[in-house]
Amino acid sequence: MIRVKACPVGLLQANCYLAWNPETRKGFLVDPGDRADVLTAFVRENDVIPEAILLTHGHFDHIGAAKTVGENWKIPVFAGEKEAPVLQDSFLNLSGRYTRHPFTVKADRLLSDKEEFSLAGYRIRTIHTPGHSEGGVCYELPEEGILFSGDTLFERSYGRTDGPDGDHEEMMRSLGRLLSELPEETLVLPGHGPETTIAEERMQNFAVFELRERQYL
Ligand SMILES: [Zn+2]
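These remarks concern the structure in this document. Since this is a predicted model, take the numbers as computed values, not measurements.

1. Focus on the overall build of the protein chain
Turning to step 1, where the next piece is worked out: Looking only at helices and strands, the protein chain features eight helices and 14 strands.
Turning to step 2, where the next piece is worked out: Since a compact globule built from 217 residues should have a radius of gyration of about 17 Å, the 16 Å found for the protein chain is in line with a globular shape.
Turning to step 3, where the next piece is worked out: Counting only C-alpha atoms, the protein chain reaches 50 × 40 × 25 Å along its principal axes.
Turning to step 4, where the next piece is worked out: For the protein chain, the proportion of its 217 residues judged to be buried stands at 47%.

2. Brief notes about the sheet that holds strand 6 (residues 109-111)
Turning to step 1, where the next piece is worked out: Read from one edge of the open sheet, six strands run 1-2-3-4-5-6, paired in mixed fashion. Two strands in the sheet have a free side with no partner beyond their single neighbour: strand 1 (3-9) and strand 6. With strand direction ignored, the average angle separating the axes of adjacent strands in the sheet is 25°.
Turning to step 2, where the next piece is worked out: In terms of strand pairing, strand 5 (residues 77-80) meets strand 6 through three bridges, oriented parallel. Bridge pairing links Ala79 to Leu110 in strand 6.
Turning to step 3, where the next piece is worked out: Sitting on the sheet, helix 3 (residues 66-73) touches strand 3 (26-30), strand 4 (49-54) and strand 5, and the angle it makes with strand 4 is about 150°.

3. Regarding the sheet that holds strand 13 (residues 187-190)
Turning to step 1, where the next piece is worked out: Pairing is mixed in the open sheet, where six strands are placed in the order 7-8-9-10-13-14. Looking at which strands have only one partner, the edges of the open sheet turn out to be strand 7 (116-119) and strand 14 (196-197).
Turning to step 2, where the next piece is worked out: In this sheet, strand 10 (residues 146-150) lies alongside strand 9 (residues 137-141) in antiparallel orientation, the contact comprising three bridges. Following the sheet pairing, Leu141 is matched in strand 10 by Ile146.

4. Focus: helix 3
Turning to step 1, where the next piece is worked out: Of the residues making up helix 3, those classed as buried are Ala66, Val69 and Gly70. Projected down its long axis, helix 3 carries its buried residues within an arc of 100°, all on one side.
Turning to step 2, where the next piece is worked out: Where the residues of helix 3 are buried, they touch strand 3, helix 1 (36-45), strand 4, helix 2 (60-63) and strand 5.
Turning to step 3, where the next piece is worked out: With its phi angle positive at about 55°, Lys74 sits one or two positions after the end of helix 3.

5. Quick word on the pairing of strand 9
Moving residue by residue along a regular strand, the side chains alternate between the two faces of the sheet.
Turning to step 1, where the next piece is worked out: Counting buried residues along strand 9, four of its five residues qualify, which places the element largely inside the surrounding structure.
Turning to step 2, where the next piece is worked out: In sequence, strand 9 turns back onto strand 10 through a hairpin of four residues, with Gly145 there showing a positive phi of about 65°.

6. Re unusual backbone geometry
Turning to step 1, where the next piece is worked out: Its identity as a non-glycine residue notwithstanding, Arg25 has a phi of 70°, on the positive side.
Turning to step 2, where the next piece is worked out: Taking the number of C-beta atoms within 10 Å as the measure of exposure, Arg25 has 14 and is therefore partly exposed.
Turning to step 3, where the next piece is worked out: Despite not being glycine, Leu94 shows a phi value in the positive range, around 70°.

7. Here's the deal with the nonpolar core
Turning to step 1, where the next piece is worked out: In this structure, Leu18, Ile53, Leu55 and Phe78 are the most contacted members of the largest nonpolar core, which totals 57 residues.
Turning to step 2, where the next piece is worked out: At six residues, strand 2 (residues 14-20) tops the list of elements feeding residues into this core.
Turning to step 3, where the next piece is worked out: In this view, Ile53 contacts Phe28, Leu29, Pro32, Ala66, Val69, Gly70, Ile75, Val77 and Phe78; residues no more than four positions away in its chain are not counted.

8. A look at the environment of Glu200
Turning to step 1, where the next piece is worked out: Take Glu200: it is sitting in helix 7 (residues 198-204).
Turning to step 2, where the next piece is worked out: Distance in space between the C-alpha atoms of Glu200 and Thr186 is 9.9 Å, their sequence separation being 14 residues.

9. A word on the environment of Pro183
Turning to step 1, where the next piece is worked out: With respect to the helices and strands, the residue Pro183 is situated in the loop between helix 6 (168-181) and strand 13.
Turning to step 2, where the next piece is worked out: Considered as a pair, Pro183 and Ile146 are 37 residues apart in the sequence and their alpha carbons are 9.8 Å apart.
Turning to step 3, where the next piece is worked out: With residues up to four places along the chain from it excluded, the contact list for Pro183 reads Gly145 and Ile198.

Criteria and thresholds
- Residues numbered from 1 in each chain as written.
- Predicted model: local features only at pLDDT ≥ 70, side-chain atom pairs only at ≥ 80, totals over all residues.
- Helix = DSSP H or I, 4+ residues; strand = E, 2+ residues; numbered from the N terminus.
- Rg over C-alpha atoms; globule rule 2.2 N^0.38 Å.
- Buried ≥ 20, exposed ≤ 12 C-beta atoms within 10 Å, placed from the backbone.
- Pairing = 2+ DSSP bridges.
- Axes fitted to C-alpha atoms, helices over the stretch in contact; angles between N-to-C directions.
- Contact = placed C-beta atoms within 7 Å.
- Arc of directions from axis to C-beta.
- Core = buried A, V, L, I, M, F, W, Y, C linked by C-beta atoms within 7 Å.

Below you can see the structure in the form of structure tokens.
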């Protein structure tokens, strides 16, 4: 069974996740947001051989260490296809506003909605979830019952939509899609804060009232 550990890093304590197959030690990283030194040590401590980096979206606090960590292990960076402009623009990725050294990241592989691929022997499905950022995605591992939800779905809450590429309407549609389409027992691993499940969020998320009103749920 897959192992997943979180390592919160940086100014906004974004969760970087390390997921791996305990038999082969092969794995992948989700959102290495900052502190390449800390994350490199974290991967080594857990004795994992990373195969790729998955980015849920292009904001600085989720991508800040992607380039260095990617180069350390010579592994590709994956992101949603519509997020390429955000990754490559220090105004849109907010590093120009919140960091002393603005930066950009280039993805090696751009994924479309519902695109599937395998890493470390696990099937991964891309779900395009605009709202927090235009090309943001979640990554579902259907056989493992896990969703990496980025800054779309949080425990009892959801990601801000007031950034340069945010859109509240789109966020409601994305949340409606996640909460109505995914199995209730799915473990949700968000970009910030504690883990939760689809069942809990269907009942208690802050968006539920509005989603019902819009008949998205
Ligand atoms: Zn964000």
